[in-house]
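Chain residues, written in single-letter form:
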Amino acid sequence: MKKAIRVAVTGAAGQIGYSLLPRMASGQVFGADQPVILQLIEIEPGMAALQGVALELQDGAFPLLEGIETTSDLHRGFDRITWALLIGSVPRKAGMERKDLLGINGKIFVGQGQAIESNAAAGVRILVVGNPCNTNCLIAMNNAPAIPRDRWFAMMRLDENRAKAQLAQKAGVPWREVSNMAIWGNHSNTQFPDFGNARIGGRPVPEVIPDRPWLEGEFIQTVQERGAAIIKARGSSSAFSAAHAAIETVRSLTTDTPPGDWHSVALCSDGSYRIAEGLICGFPVSSKDQKASIVPGLPHDDFARERIDKSVRELQEERAMVADLLPP
Ligand code: NAD
Ligand code: LMR
């Protein structure tokens, strides 16, 4: 058996946490031969519910689960971790955009970034799920300057999965036939699901679905607005699909990407594709030997470029909105 790794999950008593934790304890995230110690973090009002979650984790008698710690102390919670899943934050309500949460949630990520920097193991990687996830990740990363920037990620995988599902449904094929689905920009209603570079059964999407008005219109809008549609229908935001996307993100970052394909995740822009350096932006990413790289050289027509630029402008606006949370 390998040595256990320590994994921190914030907001562990929330909806996403409840779907995520049993799958993490059962080896679906880090592998069937990788024991884990779960370090579950909540704010004080969530601690009672978190104790209940911990009891249920115990009752699972998961062979790979070597320890469960519950805490509201960030230093304990992030002690020696190799992964942090930052989920804890307030979800939006109907009628709000995700960036409306910046004023409430943004400041959470200052202290969390600092505590991760002081306590985590060398090589820690961080996935931010709490919204608005790109800019929350930007805040945490900038408050942890000792942690290399290539260790910070924000979740775009739910958007990737939503886009794949819409394309598969339109083409009348199973979801597994859709590949190469890049989501550019912000996890918001400006994101650009890049149908032009996506494939169905190995063929370009516009060839398989020769319906440009649908691709440029209803398809993009459905993906961009899917989170809001779920909130309207369920009365609360997506939970198990979000947990599933978080699991797939970590798996895609820790295993090699199949040749020729890519996955979508937001990471720190290095200026690729003329996207301003330092933003946490959704890109097509390929992973190899635990390292994530932006897939180079994808072509974009004027329509695609305008959409990418619009989402990047929004990320720049969000960065300006949280300037007071970013150290000089
Ligand atoms: P939830 O309200 O069910 O749970 C959130 C939990 O976080 C609560 O238990 C709360 O006590 C805790 N929390 C709040 N502030 C905290 C802090 N400072 N430290 C630690 N814990 C804290 O919400 P949820 O449905 O689990 O969603 C969590 C977040 O994930 C929301 O911001 C939501 O918008 C976001 N989300 C993102 C995506 C994505 O694709 N990026 C998808 C779905 C949801
Ligand atoms: C989602 O995309 O479902 C989440 O980001 C929740 C939300 O606020 O839309």
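Residues numbered from 1 in each chain as written. Chains lettered and ligands numbered in written order. Predicted model: local features only at pLDDT ≥ 70, side-chain atom pairs only at ≥ 80, totals over all residues. Heavy atoms only, no water.

*Asks:* So what exactly am I meant to see when it comes to the site of ligand 2 here?
*Replies:* All residues adjacent to ligand 2 are R92, R98, N131, L158, R162, H187, G227, I231, S237 and S238. One nitrogen or oxygen atom from the side chain of R92 is found 2.5 Å from an oxygen atom belonging to ligand 2. In this structure, an oxygen atom belonging to ligand 2 sits 2.8 Å away from a side-chain N or O atom of N131. When isolated, ligand 2 has an accessible area of 260 Å², and the protein chains bury 94% of it. Residue assignment for the shell around ligand 2 shows that the elements contributing at least two residues are α7 (157-171) and α9 (212-234). Broken down by class, the residue content of the shell around ligand 2 amounts to two nonpolar, five polar and three charged. (Near = heavy atom within 4 Å. Polar contact = N/O pair within 3.5 Å; in protein donor to acceptor, adjacent residues only side chain to side chain. Areas by Shrake-Rupley, 256 points an atom, 1.4 Å probe, with all protein chains shown as cover. Helix = DSSP H or I, 4+ residues; strand = E, 2+ residues; numbered from the N terminus. Nonpolar A, V, L, I, M, F, W, Y, C, P; charged D, E, K, R; others polar.)

*Asks:* Would you explain the site of ligand 1 in this entry?
*Replies:* The full set close to ligand 1 counts 24 residues, and Q15, E42, S89, V129 and N131 are the nearest of them. Q15 is positioned with one of its backbone polar atoms (N or O) 2.9 Å from an oxygen atom of ligand 1. At 3.2 Å, a backbone N or O of V129 approaches a nitrogen atom of ligand 1. Here ligand 1, which alone exposes 870 Å², has 87% of that area covered by the protein.

*Asks:* Just to check I follow, could you spell out the nonpolar core for this structure?
*Replies:* Note on soluble globular proteins: their nonpolar side chains tend to be buried together. The biggest cluster of nonpolar side chains holds 102 residues, and the ones touching the most others in it are M24, L38, L85 and L167. Here this core gets seven residues from one element, more than from any other, and that element is helix α10 (residues 240-254). Beyond its immediate sequence surroundings of up to four residues, L38 is in contact with V7, L21, M24, A25, L57, L65, G67, I68 and E69. (Core = buried A, V, L, I, M, F, W, Y, C linked by side-chain atoms within 4.5 Å. Buried < 20%, exposed > 50% of the residue type's maximum accessible area, 1.4 Å probe, protein only. Contact = heavy atoms within 4.5 Å.)

*Asks:* Is there a simple way to explain helix α1 (residues 15-25) in this structure?
*Replies:* Note on helix geometry: an α-helix contains 3.6 residues per turn, so any two residues three or four positions apart are oriented the same way. Regarding α1, the residues found buried are I16, G17, L20, L21, M24 and A25. On an axial view of α1, the arc spanned by its buried residues comes to 125 degrees, and they lie on one face. Packed against the buried residues of α1 are β1 (5-10), β2 (36-41), α2 (47-59), β3 (65-71), β4 (83-86) and α10. G27 sits one or two residues past α1 and shows a positive phi near 95 degrees. (Arc of directions from axis to C-beta.)

*Asks:* Help me understand the pairing of β2 in this model?
*Replies:* The two faces of the sheet receive side chains in turn, since in a regular strand these alternate between them. Among the six residues in β2, six count as buried, and that is most of the element. Burial along β2 is two-sided: V36, L38 and L40 and I37, Q39 and I41, pointing in opposite directions, are all buried. In this structure, β1 lies alongside β2, joined through six bridges in parallel fashion. Residue pairing in the sheet places R6 in a bridge with I37 of β2. Chirality of the crossover, the property in question, places the unit of β1, α1 and β2 among those that are right-handed. In this sheet, β3 lies alongside β2 in parallel orientation, the contact comprising six bridges. Considered in β3, the bridge of L40 is made with T70. One crossover worth recording links β2 to the parallel β3 by way of α2, and it is right-handed. (Pairing = 2+ DSSP bridges. Right-handed = clockwise from strand over helix to strand, strands pointing away.)

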